[in-house]
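Overview (structure and organization)
If you want the building blocks of each chain, they are given just below.
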Amino acid sequence: MNWDVVEGKWDQFKGNAKEKWGDLTDDEVTEMEGKRDKVIGKLQEKYGWTKEKAEEEADAFLSEHA
């Protein structure tokens, strides 16, 4: 599975994202739309992570739900 699939099925993945990153609000999760760059940006903003750390987290999410 790749991010295109996640993006297309984001409504199905929103609960998993909210569970993994519990500090994100429902609106923030919805706003990300499953787009990798938006997920990374929101993780950086919310958690203060570097871009590299946010990318690792986003890709781990993809791996867990592939």
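Note that the structure is predicted; figures quoted are calculated from it, not measured. As a convention, each chain's residues are numbered from 1 in the sequence order in which they are written. Note on the predicted model: pLDDT of at least 70 is required for a residue's local features to be given, and 80 or more for side-chain atom pairs to be given and counted; whole-chain, interface and lining totals, by contrast, use all residues. The basis for every side-chain value is the complete set of non-hydrogen atoms in the structure, without hydrogens or water.

1. Some words on the nonpolar core
- Nonpolar cores are built from buried Ala, Val, Leu, Ile, Met, Phe, Trp, Tyr and Cys residues. Side-chain atoms within 4.5 Å join them into one set. Exposure categories follow from relative accessible area, calculated using a 1.4 Å probe and restricted to protein chains: below 20% of the type maximum is buried, above 50% is exposed, and the middle band is partly exposed. Membership of the largest hydrophobic core comes to 16 residues, with the highest contact counts inside it found for W3, W10, W21, V39 and F61.
- Helix and strand assignments follow DSSP, with helices taken as H or I runs no shorter than four residues and strands as E runs no shorter than two, numbered in order from the N terminus. Elements supplying a minimum of two residues to this core: helix 1 (3-8), helix 2 (10-20), helix 3 (26-32), helix 4 (36-47) and helix 5 (51-64).
- Ranked by the residues each element gives to this core, the list is headed by helix 5, at four residues.
- The contact partners of V39, leaving out residues within four places of it in the chain, are W3, W21, M32, G34 and A58. Note on definitions: a residue-residue contact is assigned when non-hydrogen atoms from the two residues lie within 4.5 Å.

2. Structural notes on the pattern of salt bridges
- Salt bridge, as used here, is a side-chain nitrogen of Lys or Arg placed within 4 Å of a carboxyl oxygen of Asp or Glu. The final tally for this structure, using the stated rule, is ten salt bridges.
- Taking the shortest distance from any N to any O, the salt bridge between D11 and K14 comes out at 3.4 Å. In this pair, D11 and K14 both sit in helix 2, three residues apart, roughly one turn of the helix.
- In this structure, E31 engages K42 in a salt bridge whose closest nitrogen and oxygen atoms are separated by 3.3 Å. Placement of the pair is E31 in helix 3 and K42 in helix 4, with a sequence separation of eleven residues.

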